[in-house]
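If you want the building blocks of each chain, they are given just below.
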Amino acid sequence: MASLPDHFDRPVRIAVIGGTGLGKIDGYTPIASLDVTTPWGKPSSPILILEHGGVPIGFLARHGLYHQLAPHEVAARANIAALRSLGVRTVIAFSAVGSLQEEIKPMDFVVPDQIIDRTKGIRPFTFFEGGVVGHVGFADPFDAGLAATVQQCAAAMRGDGVVLHSGGTVVCIEGPQFSTRAESNMYRSWGGSVINMSALPEAKLAREAELAYQMICMATDYDCWHTTEDVDVAMVLKYMEANSKNAKHLVGAVLDQLAAQENSDKVLAKHWEGSAQGAVKFMTKPAGRDPEAMKRIEYLFPGFWEN
Ligand SMILES: CSC[C@H]1O[C@H](OP(=O)(O)O)[C@H](O)[C@@H]1O
Ligand SMILES: Nc1ncnc2[nH]cnc12
């Protein structure tokens, strides 16, 4: 990407976080590659600006350009903060997942609406700390409006063999090891639909940053609870590769829909606007606020402390 400009002057409203096996999106032309630094460090990769029909789309590789970052090393705070700093308000996050239910077959897509947190607290998971406290609501971790768009796009692709399950619970484990059989069966008994290592803290940070965030999952295996072979990396990559055309088409179709509504309240996430700010402003009294922590919040929300 050395030949691409390293600056872009217009706000970018929509972004994709690509996961395992989703390193690019078809039909969009790269027009810039941005090297952003945030108060939480650098994102996992440069942010590629893609363009289709005049609408810019940000693309970030969750595990780095070469998949060199383990799930617990992903720079989730820098990723979300960097996207927000470019003007992003809508994030579509892609993830390769194991299936915890018979009916979710490898290569099926799932648009989850819930998460169970099985990370171990070793990943930095909040913007609001170090002298500024905030508690955002997280009852519904994903964005229902974006989920509806994904569902519509998938329905239109049924003829191409795209199967999409609407709703479901993603169990996010710490990794990088896969689960034990006992864990896998326990997650099933909890009602888990799919399992990955990436939904958190990404979704929590997106909520704190007042972004509309929806994950699209693609099943690559049955983890280790099923009678079929236990998951391994080769299996995940094989199914990602086998279905990459559909995955890219689905993400592309969703982006087309969102790009057509670039300036709508939905894409601008007006429904999340002010939620984090309310959660922060009422907690830490002015005398207890740390100036550096305040500056970091200001990076996310310019003008935050002015009124
Ligand atoms: C290669 S299997 C485990 C790996 O795959 C998923 O990555 P992503 O969510 O970024 O697509 C899973 O969460 C793990 O990080
Ligand atoms: N079985 C599994 N467990 C955790 N993350 C995954 N990503 C893909 N398959 C997975």
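Going by what an unreviewed UniProt entry lists, the protein chain is known as S-methyl-5'-thioadenosine phosphorylase and is assigned to Lasiosphaeria ovina. According to the UniProt record, the Catalytic activity (unreviewed entry) comment for the protein chain reads "S-methyl-5'-thioadenosine + phosphate = 5-(methylsulfanyl)-alpha-D-ribose 1-phosphate + adenine". Of the comments in the UniProt record for the protein chain, the one headed Sequence similarities (unreviewed entry) reads "Belongs to the PNP/MTAP phosphorylase family. MTAP subfamily."

Asker: Can you help me understand the overall build of the protein chain in this one?
Answerer: When helices and strands are tallied, the protein chain shows eight helices and 11 strands. A compact globule built from 307 residues should have a C-alpha radius of gyration of about 19 Å, and the protein chain, at 19 Å, falls within 12% of that. By its C-alpha atoms, the protein chain is 60 × 45 × 35 Å across when sized along the principal axes. Per-residue burial for the protein chain yields a buried fraction of 54% across its 307 residues. Long-range contacts, defined here as pairs at least 24 residues apart, represent 81% of the contacts in the protein chain between residues at least 6 apart. Of the accessible surface of the protein chain, which amounts to about 13100 Å², a share of 54% is contributed by carbon and sulfur atoms.

Asker: Explain the side chain of Ser-99 here, please?
Answerer: Structurally, the position occupied by Ser-99 is in strand β5 (residues 90–99). Residue Ser-99 is classed as buried on the basis of its relative accessible area of 0%. A distance of 2.7 Å separates a polar atom in the side chain of Ser-99 from the backbone oxygen of Ile-104. Those residues within four positions of Ser-99 in sequence are excluded, and the remaining contacts are Ile-104, Ser-193, Val-194, Ala-219, Asp-221, Tyr-222, Asp-223 and Trp-225.

Asker: What is the right way to read the site of ligand 2 from this model?
Answerer: Around ligand 2 sit Ala-96, Val-97, Gly-98, Phe-178, Ile-195, Asn-196, Met-197, Thr-220, Asp-221, Asp-223, Val-231 and Val-236, and those are all the residues in its vicinity. Between ligand 2 and Gly-98 there is a distance of 3.2 Å, counted from a nitrogen atom to a backbone nitrogen or oxygen. Judged by the fraction of its atoms near the pocket grid, ligand 2 is located in the largest pocket. Of all the elements in the fold, those that place two or more residues in the shell around ligand 2 are β5, β10 (194–196) and β11 (212–221).

Asker: Before we go on, may I ask you to explain the UniProt feature "domain: Nucleoside phosphorylase" (unreviewed entry) in the protein chain in this structure?
Answerer: In the numbering adopted here, UniProt assigns the feature "domain: Nucleoside phosphorylase" (unreviewed entry) to residues 13–255. Annotated as 25% helix and 26% strand, the span residues 13–255 places its first and last C-alpha atoms 11 Å apart.

Asker: Any chance you could explain the site of ligand 1 here in plain terms?
Answerer: Gly-19, Thr-20, Arg-62, His-63, Pro-71, Ser-95, Ala-96, Phe-178, Asn-196, Met-197, Ser-198 and Val-236 make up every residue found near ligand 1. A distance of 2.5 Å separates an oxygen atom of ligand 1 from a polar side-chain atom of His-63. One nitrogen or oxygen atom from the side chain of Ser-198 is found 2.6 Å from an oxygen atom belonging to ligand 1. Given that more than half its atoms are within 2 Å of the pocket grid, ligand 1 belongs to the largest pocket. Of the residues assigned to the shell around ligand 1, the class counts are five nonpolar, six polar and one charged.

Asker: Explain the packing of helix α2 (residues 144–156) against helix α6 (residues 244–260) here, please?
Answerer: A packed helix pair is summarised by two numbers, namely the angle formed by the two axes and the spacing between the axes. Orientation of α2 relative to α6, taken along the N-to-C sense of each, is 125°, at an axis distance of 9 Å. As judged from the angle between their axes, α2 and α6 are oblique. α6 is crossed by α2, and the crossing has right-handed handedness. In contact with Leu-146, Thr-149, Val-150, Cys-153 and Ala-154 of α2, α6 contributes Leu-250, Ala-253, Val-254, Gln-257 and Leu-258. Looking at the contact of α2 with α6 residue by residue, the class counts come to eight nonpolar, two polar and no charged.

Asker: What is the right way to read the environment of Lys-248 from this model?
Answerer: Considering the arrangement of structural elements, one finds Lys-248 in helix α6. Classification of Lys-248 as buried rests on a relative accessible area of 16%. Remark: the alpha-carbon pair of Lys-248 and Ala-148, spanning 100 residues in sequence, is separated by 18 Å. The contact partners of Lys-248, leaving out residues within four places of it in the chain, are Leu-22, Lys-24, Ile-25 and Asp-26.

Asker: Would you mind going over the nonpolar core with me for this structure?
Answerer: Among the nonpolar cores identified, the biggest contains 48 residues, and Ile-47, Ile-80, Leu-83, Ile-115, Phe-127 and Tyr-213 are the most heavily contacted of them. The element that contributes the greatest number of residues to this core is helix α1 (residues 76–85), accounting for five residues. Not counting chain neighbours up to four residues away, the residues in contact with Tyr-213 comprise Val-91, Ala-93, Pro-141, Phe-142, Asp-143, Leu-146, Ala-199, Glu-202, Ala-203 and Ala-206. If you look at the next biggest cluster of nonpolar residues, it comprises 40 residues, including Ile-14, Ile-25, Tyr-28 and Val-111.

Asker: Where do I start with the layout of surface pockets in this structure?
Answerer: If a probe the size of a water molecule is rolled over the atoms, the empty space left behind becomes visible. One number sums up the size of the largest pocket: a volume of about 440 Å³. The dominant element in the lining of the largest pocket, judged by the number of residues it contributes, is β5, at four residues.

Thresholds applied
Residues numbered from 1 in each chain as written. Chains lettered and ligands numbered in written order. Predicted model: local features only at pLDDT ≥ 70, side-chain atom pairs only at ≥ 80, totals over all residues. Heavy atoms only, no water. UniProt positions renumbered as here; feature names shortened; annotations may be inferred. Helix = DSSP H or I, 4+ residues; strand = E, 2+ residues; numbered from the N terminus. Rg over C-alpha atoms; globule rule 2.2 N^0.38 Å. Buried < 20%, exposed > 50% of the residue type's maximum accessible area, 1.4 Å probe, protein only. Contact = heavy atoms within 4.5 Å. Areas by Shrake-Rupley, 256 points an atom, 1.4 Å probe, with all protein chains shown as cover. Polar contact = N/O pair within 3.5 Å; in protein donor to acceptor, adjacent residues only side chain to side chain. Near = heavy atom within 4 Å. 1 Å grid on protein atoms, 1.4 Å probe; cavity = no way out; pocket = protein on both sides within 12 Å on 5 of 7 lines; lining within 4 Å. Sits in = over half its atoms within 2 Å of the grid points. Nonpolar A, V, L, I, M, F, W, Y, C, P; charged D, E, K, R; others polar. Axes fitted to C-alpha atoms, helices over the stretch in contact; angles between N-to-C directions. Parallel < 35°, antiparallel > 145°, perpendicular 65-115°, else oblique. Left-handed = near helix turned anticlockwise from the far one by under 90°. Core = buried A, V, L, I, M, F, W, Y, C linked by side-chain atoms within 4.5 Å. Points joined across faces, edges and corners; volume = space filled by probe spheres on them.

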